[in-house]
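# Close look at the chain arrangement
Each chain is listed here by its residues.
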Amino acid sequence: MASKGGGARIEIEKLSVEQLKAVKEQTDLEVNLLQDSLTNIRSATSRLEIASNALHDLSLRPQGKKMLVPLTASLYVPGTLDDAEKVLVDVGTGYFIEKTMVEGKDYCERKINLLKSNYDQLLEVATKKKNIADEAGAILQAKLKQLAPTP
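Along every chain, residues carry numbers that run from 1 in the direction the sequence is written. Per-residue local features of the predicted model are confined to residues with pLDDT of at least 70, and side-chain atom pairs are confined, for both listing and counting, to 80 or more; whole-chain, interface and lining totals are unaffected and use all residues. Water and hydrogen atoms play no part in the side-chain values, which are based on all heavy atoms of the structure.

## Description of the environment of Leu88
What counts as a helix is a DSSP run of H or I of at least four residues, what counts as a strand is a run of E of at least two, and both are numbered from the N terminus. Within the secondary structure, Leu88 sits in strand β3 (residues 86-92). Between buried and exposed lies partly exposed: a residue is buried under 20% and exposed over 50% of the maximum accessible area for its type, with that area taken using a 1.4 Å probe on protein chains only. You can call Leu88 exposed: its relative accessible area is 61%. As for Leu88 and Lys99, which are separated by eleven residues in sequence, their C-alpha atoms are 6.2 Å apart. Whether two residues are in contact is decided by their heavy atoms, any of which lying within 4.5 Å being enough. In contact with Leu88, other than residues within four places in its own chain, are Phe96, Ile97 and Glu98.

## Overview of the pairing of β3
Any two strands between which DSSP finds at least two bridges are classified as paired. When β3 meets strand β4 (residues 95-100), the two strands line up antiparallel, connected through six bridges. When the sheet's bridge partners are listed, Val89 is paired in β4 with Ile97.

## Points about unusual backbone geometry
Of note in the backbone geometry, Thr93 takes a positive phi value of approximately 45° without being a glycine. Mapped onto the fold, Thr93 is located in the loop between β3 and β4. You can call Thr93 exposed: its relative accessible area is 76%.

## A short note on the nonpolar core
Think of a nonpolar core as a cluster: buried Ala, Val, Leu, Ile, Met, Phe, Trp, Tyr and Cys residues, connected wherever their side-chain atoms sit within 4.5 Å. Formed by 18 residues in total, the largest nonpolar core has its most connected members in Leu48, Leu55, Leu58, Val87, Met101 and Leu115. Counting residues per element, the ones that place at least two in this core are α2 (17-60), β3 and α3 (101-147). Once you skip the residues sitting within four places of it in the chain, Leu115 turns out to touch Ile41, Ala44, Thr45 and Leu48. With eight residues, the next largest nonpolar core counts Ile12, Val23, Ala136 and Ile139 among its residues.

## Concerning the confidence of the model for the protein
Should pLDDT be low for a region, the predicted coordinates there are not to be read in detail. Scored from 0 to 100, pLDDT records how confident the predictor is in each individual residue. Here the protein averages 88 in pLDDT, while 92% of its residues score no lower than 70. In the model, residues 1-7 has pLDDT below 50 throughout and makes seven contacts with residues more than four positions away in sequence or in other chains.

## A look at the side chain of Lys99
Relative to the assigned elements, Lys99 resides in strand β4. Note on charges: Lys and Arg go in the positive column, Asp and Glu in the negative column, and His and the chain ends are not counted at all. We define a salt bridge as a contact between a side-chain nitrogen of Lys or Arg and a carboxyl oxygen of Asp or Glu at a distance within 4 Å. Among buried charged residues, Lys99 stands out as having no salt bridge; its nearest opposite-charge side chain is Glu103, 5.1 Å away. Setting aside its immediate chain neighbours within four residues, Lys99 contacts Glu85, Lys86, Val87, Val89 and Gly104.

Okay, here's the thing in structure tokens:
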């Protein structure tokens with residue numbers, strides 16, 4: 001298929017029914033994978049926003065404050081805030097880096113901005129793929145209608 005708008009339509013219309021079915025199936029599969037990726041990015045962005053808010057809340061607490069520390073999503077243990085100016089940042093695959101509160105917030109904001117940028121780019125690609133799939137489906141339906149015997 002051509003990459004430019006008008007040329008792609010002409011080329012799609014020239015494809016056989018079998019080729020159109022293959023194009024439609026392939027683009028539908030790609031759209032589903034892109035939708036899964038978009039969902040994962042939204043989820044990661046949401047978790048980072050929660051972490052950023054938690055850092056902000058943590059910075060407002062006084063030293064020595066008793067609190068519950070999350071070990072997992074549903075398991076908390078009692079703890080005491082020792083130094084709110086130093087935080088451990090999970091940078092992936094089990095690695096943590098000690099940063100200042102400001103650096104931790106900055107890390108979260110940079111990651112959120114990166115994910116939002118990636119989301120926008122992926123959304124654009126998914127929309128184009130969806131349009132191609134819809135177009136291939138419409139042309140396929142028209143070709144099948146032409147091939148169908150009329151009573």
